Amino acid sequence: MADTANAGQGADGETRRDFLYLATGAMGLVGAASVAWPLIDALNPSADVLALATTEVDVSQLQEGQAITVTWRGKPVFIRHRTSAEIEEAEAVPLSDLIDPEPDEERVIKPEYLVMVGICTHLGCVPLGQRASDPKGEFGGWFCPCHGSHYDTSGRIRRGPAPRNLDVPEYEFRDDATIVIG
Amino acid sequence: MKKLAIIAAAAAFLGLAQAPVVQAAEEVEIPSHDWSFSGMFGTFDRAKQQRGLQVYREVCAACHGLRLVAFRNLADLGYNEDEIRSLAADYQVEDGPDENGDMFMRDGVASDRFPAPFPNENAARMANNGALPPDLSLITKARQQGPDYLYHLLLGYQDPPAGVEMMDGMYYNAYFPGHQIAMAPPLMEGAISYADGTPATTQQMAEDVTYFLTWAAEPNLEARKQMGMKVILFLLIFTGLLYAVKRKVWADLH
Amino acid sequence: MSGFKTNNRTIKWLDSRLPVFSTMNHHLIDYPAPRNLNYLWNFGSLAGIVLVVMIITGILLAMQYTPHVDMAFDSVERIMRDVNYGWLIRYMHMNGASFFFIVVYAHMLRGLYYGSYKAPREVLWGLGVIILLLMMATAFMGYVLPWGQMSFWGATVITNLFSAIPWGIGDALVTWLWGGFSVDNPTLNRFFALHYLLPFIIVAVVFLHLWALHAFGSNNPLGIDAKGPQDKIPFHPYYTVKDLLGLGVFLIIFAGFIFYAPNYMGHPDNYIEANPLVTPAHIVPEWYFLPFYAMLRAITFDIGIPFTGITLIDAKLGGVLVMFGSIIILFFLPWLDTSPVRSSRFRPLYKLFFWVLVVALLVLGYVGAMPPEQPWVTIGQIATAYYFAHFLIVMPLLGKLERPKPLPASIADPVLKPGPATNQ
């Protein structure tokens, strides 16, 4: 029916119609995509979650040799006030001994304070070593009980299945004793 | 014709269904005020909102909470990060427990919400002659004709008409349902001195605080109306195209 | 109607094992539809689309919502304030409920006007009434979730309806519904679970509804059966594009409410957190329940044996029976209507009564929103009486008494050369 009805108009009518269909279809696609975005974005972190994306820690009370665990973005962050012996030990390790070579000074802002995300880079367990009574592994740092990864006093992986050193989050010192993580 | 009649009937039904709800709440007629945020292109007024925040903090906050609003939200009113940080630090917020297991007070930070003026409902009633000052976070959405109601309520204190017996500790208000309100007239001429030097008349304060609280109740109002413009414009063009397509497709048939 | 054809070997392979493509082709592309359907036939597909919108927005809201009496209200406000586009999704869902009912009521009135419930489409109609009941249950429970004052008191009042059942069953049933001694956390939790579940049951019944529809095909404004292929056209492209156009118009109105009057159909009291100690001055259900609410309140008198003082049904139970009866009666519509003619176009008297019914429903809606005082009580009683009389008296009698106008010979007949009898 369509062909006979449009026979007189020829190709011109066809093109105009095709253009109309294309334009409508394209607009429909654009519309569908614009509706999809808010629905997808709704699953991204919300404003109240983002507002808690930074954590402030007062380390003035933290004695040498002590460590604290704080929560940052729902994850444990280890802050250790290292003794000079620990710092020396960390700095003295030759890079060739390391699984994931990284010098100690690249992992700290002030050598006394080591700040790391306390999640084993193997499969996400929380390593032991924060409390005085905890096993600290063979390198005096941290020990992951799940699969036996040993970390040194700079939080670098020395033995075990973990592929990387413990991650260092972005942080800064607002003043001498206040660390802002994130 | 019949289609129109049905559409009209449906529309009338919606209209009818709404109308009595308005009347039923209270018989008081609330005059409408001219707000910059009403209408399709409505936007807030930053200066008025900032003054309104000052009215809230210096007058309302003594009794009324604003628990759903966080200090970080004040960025919407045009405050920068430092201003928000120092404003938040004016407030003491309970945190804890610390390592001894005790709760402690600390300065507020941007992610905190406005602290409540009373620890709980009973304390609030105790301090207010048995009345509970409502939280103001949603007040303009929780009342019929919210912004108009709030504005006129704040200015609606009068001497009771002859023959009206006032209960103890109550004030006569022309716009409050039942006319007997436990809240003393909150706004006094010149009670606060605005940071921007605007004379603090009662009308000015009532209007400013309504701007602020309307934002507090519906912080996405501007974004909503702006997005609405785009969406409806898009849909009008798209539906126009669909109409043309429908005519073309059906042309075969007639 | 040509069958499904393709040259794509993968599609052929799959289709011979699981005929999804030929089934979709059969029901959505080649499906033969009467050529004279008007725009009132858009509401069916529109209802399906709104259902999908409600399910998608609902799932996203459920991911952010906390069904606990201490946190529900604040979690909804968190969606409104902090979640990206949360306000948009929630306003879509909130207004979507109202628009779902608008679309479904229009769909039902169309069926009523054109006699779409008559043989052989009785099961199709009955499934539709089941969908309506499920929608009402879903909407009612969904309204409780924000845990505002109207949520709480609406839930209290409606669940208390069941206490009207005598012999002690009612009270036990209400306690069972609540999972406690008042509407509280267990109630909120189960309502959330059911509010999430029921829409998927609605989807299942919608499929049955479509199955029943496609068994005989759509009714049409003339109400006569198709006589041959000249009376039908393929669903695609004719009705796909017509449905899309209707969708476009619908979306403009829907967007108007979402962006410019999002709380128009809500109640301000629901922005006050639920307080079991303070009842709002005036409890009203959502607008789409108002006609039924009015019927509930119309029964203000006990029904008993005259002169004996024996009460058979007290006012409370009577109201509940009338309210539920008003929907149950719809199941019997195909048999209450005795006229062999479907469409009102050929039934001048029935057409008149149809509009009286519409007016009665509008009046009931208005009365439902008013306080239970005179004159509203009497007006509500009259309208309720008419509602039942319409189905129980008018419809059976009219079929016998009315002389319908002559029916056209075929659908194509009046469409192609309009005759005087049908061109109105």
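Structure: see above.
What you see is a predicted model, and the numbers here were worked out from it, not measured in a lab. (Residues numbered from 1 in each chain as written. Chains lettered and ligands numbered in written order. Predicted model: local features only at pLDDT ≥ 70, side-chain atom pairs only at ≥ 80, totals over all residues. Heavy atoms only, no water.)

Undergrad: Is there a simple way to explain the sheet that holds strand E2 (residues 67-72) of chain A in this structure?
TA: What links the strands of a sheet is backbone hydrogen bonding, and the strands pair in either a parallel or an antiparallel sense. All names here are of chain A. Strand order across the open sheet formed by three strands is E2-E3-E4, with antiparallel pairing between neighbours. The two strands at the open ends of the sheet, each matched to only one other strand, are E2 and strand E4 (113-117). With strand direction ignored, the average angle separating the axes of adjacent strands in the sheet is 20 degrees. As judged from the six bridges shared by E2 and strand E3 (residues 75-81), these two strands associate in the antiparallel manner. Looking at E3, one finds that Ala67 is bridged to Arg80. (Pairing = 2+ DSSP bridges. Helix = DSSP H or I, 4+ residues; strand = E, 2+ residues; numbered from the N terminus. Axes fitted to C-alpha atoms, helices over the stretch in contact; angles between N-to-C directions.)

Undergrad: Would you take a moment to explain the state of the cysteines for this structure?
TA: Two cysteines, two sulfur atoms, one covalent bond between them: this is a disulfide. Residue and element names in this part refer to chain A. For the structure on display, the rule yields one disulfide over all chains. The side chain of Cys125 participates in a disulfide bridge whose partner is Cys146; the two sulfur atoms lie 2.0 Å from each other. What sets the handedness of the Cys125 and Cys146 disulfide is the S-S torsion sign, and at about -105 degrees it is left-handed. Here Cys146 lies in the loop between strand E5 (140-144) and strand E6 (149-152) and Cys125 lies in the loop between E4 and E5, a separation of 21 residues in the sequence. Under the relative-accessibility criterion, Cys125 is labelled buried at 19%. Relative accessible area serves as the criterion here: at 37%, Cys146 is assigned to the partly exposed category. There is no disulfide at Cys120, and the cysteine sulfur nearest it, in Cys144, is 3.8 Å away. (Disulfide = S-S within 2.5 Å. Buried < 20%, exposed > 50% of the residue type's maximum accessible area, 1.4 Å probe, protein only.)

Undergrad: Is there a simple way to think about the interface of chain A and chain C in this case?
TA: Where interface size is given, it is often the accessible area lost as the parts come together that is meant. Contact with chain A, which involves 12 residues of that partner, is made by 11 residues of chain C. In terms of surface lost to chain C, no three residues of chain A exceed Pro38, Leu39 and Ala42 of chain A, which account for 42% of the buried area on that side. Between the two partners, chain A and chain C, sit one salt bridge. In this structure, Arg78 of chain C engages Asp48 of chain A in a salt bridge whose closest nitrogen and oxygen atoms are separated by 2.6 Å. The interface formed by chain A and chain C holds six residue pairs in polar contact (both at pLDDT 80 or more) in total. Among the secondary structure elements, those contributing two or more residues to the side of chain A that touches chain C are helix H2 (11-41) and helix H3 (47-51) of chain A. Ranked by residues supplied to the side of chain A that touches chain C, first place goes to H2 of chain A with four residues. In terms of residue class, the side of chain A that touches chain C is made up of eight nonpolar, two polar and two charged. (Contact = heavy atoms within 4.5 Å. Buried area = accessible area lost by both parts, 1.4 Å probe. Salt bridge = Lys/Arg side-chain N within 4 Å of Asp/Glu carboxyl O. Polar contact = N/O pair within 3.5 Å; in protein donor to acceptor, adjacent residues only side chain to side chain. Nonpolar A, V, L, I, M, F, W, Y, C, P; charged D, E, K, R; others polar.)

Any functional reading would require information beyond the geometric quantities listed.
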